[in-house]
Amino acid sequence: MRLLILGGTQFLGRAIAAHACAMGHDVTCAARGVAGKVPDRARFIPVDRDTPDGLAPLAGEAFDAVVDVSRHPGQVRRAVAALKHRAEHWTFVSTVSVYADNSTIGQRAVAAPLRAPTAPEIEHSTEETYGSAKVACEQAIGEDAFICRAGLIAGPEDPTGRFTYWPMRLHRGGEVLVPGTPDDAIQLIDVRDLAQWIVHAAQTRLTGYFDGIGPSYTRGQLLADCAEALGSSCTFTWVDRAFLESHDIKRWSGPRSLPLWLPLPEFAGFNTRDTSPARESGLTLRTISETARDTLFWARTAGGPDTGLTDDGEKAVLKAWHANRSHR
Ligand SMILES: NC(=O)c1ccc[n+]([C@@H]2O[C@H](COP(=O)([O-])OP(=O)(O)OC[C@H]3O[C@@H](n4cnc5c(N)ncnc54)[C@H](OP(=O)(O)O)[C@@H]3O)[C@@H](O)[C@H]2O)c1
């Protein structure tokens, strides 16, 4: 295939380009080149998608398939206008943040209600409008495309550090502060599995709306499997939501967070999506052990992101938790 990736300079886009090159496809990546470099065997064409004629450098090119990872409706609308009629297959990488209901368990992509899209004049998404902007992007593309709504993406080169926090923390060993209960659900996908499926979808001309994510684990099982894969000797101290919130521990990501923690029951549906349609359409998954080992290896060799609770921060919360319990 002659495959165009609108993106390709970081994480998922880069993994798609790397996998497609490894499969022998003719890969072009178009981006500014600000986020990073494209894989060695891919061709790079500099474009700035925020300008009205930003895709002009692609004017004389022909592609069998296009993959777009943008989160900005203006960029997506311009790409559809300039390129969609010239490609046989179109993939848009969307997100499970498009869904309006995060609490109902076991929802499927085709039936789940969506957030309202951002207004037509909105060009860029922000952290607050991310999900709505992705809905607007999806609507700009239309039905005859592969709309891949990714869940939490894990693995080497993840700039967010959300999953990476856990292999790094488990590797340090000792008493590990963990949120909620061992039975809480958690759902993610290795970036390389997602990349492989996206290339497979382009090859097989798959269209429709899918969630791109792996099966639901319990947090207890996921952490135990990761610890075993890393040969880590640690114990888990499960701390409830009220205590964590009273100590200003943030949810999901960023400084002073316990990454991947979402409060229940509000988010009971976020990590329990029914992804059997994806697996029936070619998505294959490696083990969480492999993801944990490779993520840790990358984080330690490349100096991966530093995020979540610090060592001292974790010790202080654990100390307060044990003091609180001994006074009961
Ligand atoms: N990470 C997760 O857990 C997660 C979860 C759900 C869904 N997703 C979705 O998965 C995708 C992840 O994509 P990704 O890892 O490749 O990262 P990304 O941050 O979405 O990448 C954006 C890409 O677009 C390029 N770009 C940005 N502004 C541009 C401009 N003005 N002109 C041209 N190119 C521009 C960037 O390259 P330059 O900066 O070099 O131009 C980069 O390659 C996104 O669609 C995201 O919404 C992610």
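The model shown is predicted, which means the values in this text are computed figures rather than measured ones.

Most often, soluble globular proteins have nonpolar side chains that are buried together. Of all hydrophobic cores here, the largest spans 41 residues; its most connected members are Phe163, Trp166, Leu170, Leu177, Leu244 and Leu258. Listed by contribution, the elements that provide at least two residues to this core are helix H4 (165–172), strand E8 (174–179), helix H6 (219–229), strand E13 (234–239), helix H7 (241–246), helix H9 (288–302) and helix H10 (311–326). When residues of this core are assigned to their parent elements, the largest contribution, 4 residues, is made by H6. Core analysis: the second largest hydrophobic core is formed by 33 residues, Cys21, Val38, Phe146 and Leu194 among them.

The final tally for this structure, using the stated rule, is 8 aromatic pairs. Relative to Trp197, the ring of Phe146 has its centre 5.0 Å away and its plane inclined at 85 degrees; by these criteria the two rings are edge-to-face. Note that Phe146 is positioned in strand E6 (residues 146–150) and Trp197 in helix H5 (residues 191–204), a separation of 51 residues in sequence. On the accessibility criterion, Phe146 (0% relative accessible area) is buried. Judged by relative accessible area, which is 1%, Trp197 ranks as buried.

Looking now at the site of the ligand. Among the 29 residues in the neighbourhood of the ligand, the closest are listed as Thr9, Gln10, Val34, Val69 and Tyr130. Within the backbone of Arg49, one N or O atom sits 2.8 Å away from a nitrogen atom of the ligand. Its free accessible area being 900 Å², the ligand has 90% of it covered by the protein chains. Counting residues per element, the ones that place at least two in the shell around the ligand are helix H1 (11–22), strand E5 (89–95) and helix H3 (130–141). Class assignment of the residues belonging to the shell around the ligand gives a composition of 12 nonpolar, 10 polar and 7 charged.

A sheet is described by the order of its strands in space; here 7 strands give the open sequence E3-E2-E1-E4-E5-E6-E11, paired in parallel fashion. The sheet is open, and its two borders are formed by strand E3 (43–46) and strand E11 (208–212), each paired with just one other strand. Sheet twist, expressed as the average angle between the axes of neighbouring strands with direction ignored, equals 20 degrees. Where strand E1 (residues 2–6) meets strand E4 (residues 65–68), 4 bridges bridge the pair, whose relative direction is parallel.

Before going further, it helps to spend a moment on the state of the cysteines. Per the stated rule, a full pass over the model turns up 0 disulfides. Looking at the unpaired Cys29, the closest cysteine sulfur is the one in Cys21, lying at 7.0 Å. By relative accessible area, which is 0% here, Cys29 ends up buried. Of all cysteine sulfurs in the structure, the one in Cys226 sits closest to Cys234, which takes part in no disulfide; the separation is 10 Å.

Before going further, it helps to spend a moment on the pattern of salt bridges. Counted by the stated rule, this structure contains 21 salt bridges. For Lys84, the salt bridge is made with Asp144, and the minimal N-O distance between the two is 2.7 Å. Of this pair, Lys84 sits in the loop between helix H2 (73–83) and E5 while Asp144 sits in the loop between H3 and E6; the two residues are 60 residues apart in sequence, bridging distant segments of the chain. Assessed through its relative accessible area of 15%, Lys84 is described here as buried. A relative accessible area of 53% places Asp144 in the exposed class. Via salt bridges that share partners, Asp190, Arg192, Asp193, Arg286, Glu290 and Asp294 belong to a single interconnected network.

Further remarks concern the environment of Gly282. Following the sequence through the fold, Gly282 ends up in the loop between helix H8 (276–280) and H9. Note on Gly282: relative accessible area 31%, which makes it partly exposed. Gly282 sits 82 residues away from His200 along the chain, and the two C-alpha atoms are 7.2 Å apart. Discounting residues that sit within four places of it in the chain, Gly282 has contacts with Trp197 and His200.

What counts as what
- Residues numbered from 1 in each chain as written.
- Predicted model: local features only at pLDDT ≥ 70, side-chain atom pairs only at ≥ 80, totals over all residues.
- Heavy atoms only, no water.
- Core = buried A, V, L, I, M, F, W, Y, C linked by side-chain atoms within 4.5 Å.
- Buried < 20%, exposed > 50% of the residue type's maximum accessible area, 1.4 Å probe, protein only.
- Helix = DSSP H or I, 4+ residues; strand = E, 2+ residues; numbered from the N terminus.
- Phe/Tyr/Trp six-rings, centres within 6.5 Å; stacked < 30°, edge-to-face > 60°.
- Near = heavy atom within 4 Å.
- Polar contact = N/O pair within 3.5 Å; in protein donor to acceptor, adjacent residues only side chain to side chain.
- Areas by Shrake-Rupley, 256 points an atom, 1.4 Å probe, with all protein chains shown as cover.
- Nonpolar A, V, L, I, M, F, W, Y, C, P; charged D, E, K, R; others polar.
- Pairing = 2+ DSSP bridges.
- Axes fitted to C-alpha atoms, helices over the stretch in contact; angles between N-to-C directions.
- Disulfide = S-S within 2.5 Å.
- Salt bridge = Lys/Arg side-chain N within 4 Å of Asp/Glu carboxyl O.
- Contact = heavy atoms within 4.5 Å.

Just geometry here; none of it tells us what the structure is for.
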